[in-house]
Amino acid sequence: MLPPKKTIGIIGGGQLGKMLIEAGQPWNIRYNILEQDNAPAKDIANHYIVGSLQDADKIKALAKLSDVLTYEIEHINTEALLELEAQGHKIIPSPKILSIIQDKGLQKLFFKQHNIPSSPFELVEHVSEWPQKMANLKGQKVAAKLRKGGYDGKGVELVNKADIEQGQIPFDGPVVLEEFVENAIELSVIVARNEAGDVKTFPTVEMAFDPKANLVDILFAPANISQAIDTQAKSIAQSCIEHLNGVGIFAVEMFLNQSGEVLVNEIAPRPHNSGHHTIEACYTSQYEQLNRILLGMPLGDTQLIQASAMMNILGFENVSGPYEMTGLEHILNLPGVFVHLYNKAETKPMRKMGHITIMGQDLHEVMQKLQTVKQHLGMKAAS
C-alpha cells in the first residue's frame, strides 16, 4: 500500500516540524506550516502561513488547506482546535488531550485520578498559599512549576522551604509544587498509538540534564537499568497514553528514585528531544512513526539498531547573533556520528541549535566517541 496522497498541516515550524517533514519527504507527502517568519521548517514546507500560533483565524486557514493537523509545541490556541475538531477536522493528538497537558496542574490531577505513580504535589493559586502548601510536602527542596507556559526548563524552579519562609517566592501565578525526587535517574519512553489502538514503545532512554538550562544535554539508549525497571517504565508509559485515549506520538518523562520506584514526571504530546536519536538509531524514527499515524499507515518497528547517545548542540555562553559551527570536520570523520543543524539564523546562550547522534556497538564505544565530539565541537560569531 502506497502512502495516501494527503496534506499534513503542522502548527509550529521549529526543529520538530522540520524533522517531521524530512521524515516524510521519501513518501512525497505535502506539508503546510503555521509559524512566525524565518522558522527552521520554512524552507522545506510546501506552503507556509506566517502568523501566531494563538491566531484562531490562521489555524482555521491551515485546517482548510490540510487533510489532518498536528502540532509540534503545546503552547497554541487549544480553543480553536477544539472548535475545528467539533466540526469534523482530524487533529492528532486530540486537543482534548492538549488541554490537559498544557496545564501541569491538570496533568498531576490526571495522574492521581488514574493511579499513575507520580511524586506528591500541591496546587497553589495565590502566593499567600505557598508556606502552607510547602509544609504539606516532605523534604527541604520542592520543584515549583508554573501550571501554564513553561517549556525547555523555563517556568521551573527548585526551591528551598527556608527561602519560601523568607518570602523568596519565584512565581506569582498558579503553580504546582512537587516533592523533589533526590538523586533520581531520569528516563523517557516514547509511545506511539494509532487510531486502531495499536501501541508500540521505543526503547527506554536515560537522560542527563544541563544544570544551567534545565534541559536535556545528553541521552543514552538503551538506558542503564534492569530489565524489570525497563518493563515497568514501558508499562507505565503505555498506561498513561491509553488512559488519555491518545493517538499520536507521546514522550513520557519519568524519575527512577532511590527506592526503585518509577514516577511519571510529565507527558509531551508530540515528538520529543528524548527521541531525536531514533532518526538513525531505530528502524523507525519517532518522526516517521508520527507520519505513519497521521496517514493511517501501520506502525513501524521501534527496535534499536545500535547503542546510541544524543547530544544537544546548545548555544554557547559567549556567542549571540549570527554564528558558525566549528570542529565539524573532526566530528564528521567519526563513523556512526550524525550531525543535525536546525536552520536557525541566530544563536543565543543555551538555545537549541541542533543535535548530534552517536552510535556504536555498545555504550562504552559510544561514550568514547561522545568525548571526542565534545572536545571538538565549537561555535563562534559569524565572520
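In this report, we go over the structure that sits alongside the text. Here the structure is a predicted model, which means the values were calculated and not measured.

## Re the nonpolar core
Okay, step 1: Residues Ile8, Ile10, Ile21, Ile33, Ile249 and Ile293 are the most contacted members of the largest nonpolar core, which totals 40 residues.
Okay, step 2: Within the residue set of this core, elements represented by two or more residues are β1 (7-11), α1 (15-24), β2 (30-35), β9 (185-193), β11 (205-210), β12 (215-221), β13 (248-256) and α10 (286-295).
Okay, step 3: Top element by residues in this core is α10. It accounts for five residues.
Okay, step 4: One finds Phe110, Ile116, Leu256 and Val264 within the second-largest nonpolar core, a separate group that totals 24 residues.

## Brief notes about the packing of α1 against α10
Okay, step 1: Across the interface, α1 lies against α10 with an axial gap of 8 Å and an inter-helix angle of 70°. Here α1 lies roughly perpendicular to α10, going by the angle between them. Here α1 contributes Leu16, Met19, Leu20, Ala23 and Gly24 to the contact with α10, which in turn contributes Tyr287, Glu288, Leu290 and Asn291.
Okay, step 2: Split into classes, the residues belonging to the contact of α1 with α10 amount to six nonpolar, two polar and one charged.

## A closer look at helix α12 (residues 363-376)
Okay, step 1: Compared with the 20 Å implied by 1.5 Å per residue over 14 residues, the 20 Å span of α12 between its first and last C-alpha is a close match.
Okay, step 2: Of the residues making up α12, those classed as buried are Val366, Lys369, Leu370 and Val373. Taken end-on, α12 shows its buried residues confined to a sector of 110°, consistent with a single buried face. Facing away from the buried surface of α12 by more than 90 degrees, the exposed residues are His364 and Gln375.
Okay, step 3: Backbone nitrogen of His364 and a side-chain oxygen of the N-cap are separated by 3.2 Å at the start of α12; the cap is Asp362.

## Some words on the side chain of Gln286
Okay, step 1: Here Gln286 lies in helix α10.
Okay, step 2: What makes Gln286 buried here is its relative accessible area of 0%.
Okay, step 3: In this structure the side chain of Gln286 is engaged in a polar contact, spanning 3.4 Å, whose partner is the side chain of Tyr287.
Okay, step 4: With near-sequence residues (within four places) excluded, Gln286 lies in contact with Ile190, Phe202, Ile249, Pro271, His272, Gly275, His276 and Thr278.

## Quick look at the environment of Arg147
Okay, step 1: Structurally, Arg147 can be placed in the loop between β6 (141-146) and β7 (156-160).
Okay, step 2: Each residue touching Arg147, except ones within four places of it in the same chain, is listed here: Gln102, Asp103, Lys104, Gly105, Leu106, Leu123, Glu125, Pro174, Val175 and Val176.

## Focus on the environment of Leu187
Okay, step 1: If you trace the backbone, Leu187 turns up in strand β9.
Okay, step 2: Along the primary structure Leu187 and His89 are separated by 98 residues, whereas in three dimensions their C-alpha atoms are 34 Å apart.

## Considering the sheet that holds β2
Okay, step 1: One open sheet holds the four strands; their spatial order is β3-β2-β1-β4, and the pairing between them is parallel. Sheet topology places β3 (47-50) and β4 (68-71) at the edges, where each strand pairs with a single neighbour. With strand direction ignored, the average angle separating the axes of adjacent strands in the sheet is 20°.
Okay, step 2: Looking at chain direction, β2 and β3 are connected through four bridges and run parallel. Bridge pairing in β3 places Asn32 opposite His47.
Okay, step 3: Sheet strands in contact with helix α2 (residues 56-64) are β1, β2, β3 and β4, and its direction is about 180° off that of β2.

## Considerations on the sheet that holds strand β5 (residues 121-124)
Okay, step 1: Judged by pairing direction, the sheet is antiparallel, and its four strands sit side by side in the order β5-β8-β6-β7 without closing on themselves. Looking at the sheet topology across the chains shown, the edges are occupied by β5 and β7. Strand-to-strand, the axes of this sheet are offset by a mean angle of 25°, without reference to chain direction.

## Section: the pattern of salt bridges
Okay, step 1: By the definition in use, this model includes 16 salt bridges.
Okay, step 2: Put simply, Glu178 and Lys108 hold a salt bridge, and the shortest N to O gap is 3.6 Å. Here Lys108 lies in helix α5 (residues 104-113) and Glu178 lies in strand β8 (residues 175-179), a separation of 70 residues in the sequence. Considered together, Glu178 and Lys108 belong to a single accessibility category, that of buried residues.
Okay, step 3: For Lys145, the salt bridge is made with Glu266, and the minimal N-O distance between the two is 3.1 Å. Of this pair, Lys145 sits in strand β6 while Glu266 sits in strand β14 (residues 262-268), and the two are 121 residues apart along the sequence.
Okay, step 4: The exposure class assigned to Lys145 is buried, which follows from its relative accessible area of 4%.
Okay, step 5: When its relative accessible area of 16% is taken as the criterion, Glu266 is described as buried.

## Topic: the pairing of β9
Okay, step 1: In terms of residue burial, β9 counts as a mostly covered element, since seven of its nine residues are buried.
Okay, step 2: Looking at chain direction, β9 and strand β10 (residues 199-201) are connected through three bridges and run antiparallel. Among the inter-strand pairings, Ala192 is bridged to a residue of β10, identified as Lys200.
Okay, step 3: Connecting the antiparallel pair β9 and β10 is a turn made up of five residues, with Gly197 showing a positive phi of about 90°.

Reading the values: rules and limits
- Residues numbered from 1 in each chain as written.
- Predicted model: local features only at pLDDT ≥ 70, side-chain atom pairs only at ≥ 80, totals over all residues.
- Heavy atoms only, no water.
- Core = buried A, V, L, I, M, F, W, Y, C linked by side-chain atoms within 4.5 Å.
- Buried < 20%, exposed > 50% of the residue type's maximum accessible area, 1.4 Å probe, protein only.
- Helix = DSSP H or I, 4+ residues; strand = E, 2+ residues; numbered from the N terminus.
- Axes fitted to C-alpha atoms, helices over the stretch in contact; angles between N-to-C directions.
- Parallel < 35°, antiparallel > 145°, perpendicular 65-115°, else oblique.
- Contact = heavy atoms within 4.5 Å.
- Nonpolar A, V, L, I, M, F, W, Y, C, P; charged D, E, K, R; others polar.
- Expected span 1.5 Å × (residues − 1).
- Arc of directions from axis to C-beta.
- Polar contact = N/O pair within 3.5 Å; in protein donor to acceptor, adjacent residues only side chain to side chain.
- Pairing = 2+ DSSP bridges.
- Salt bridge = Lys/Arg side-chain N within 4 Å of Asp/Glu carboxyl O.

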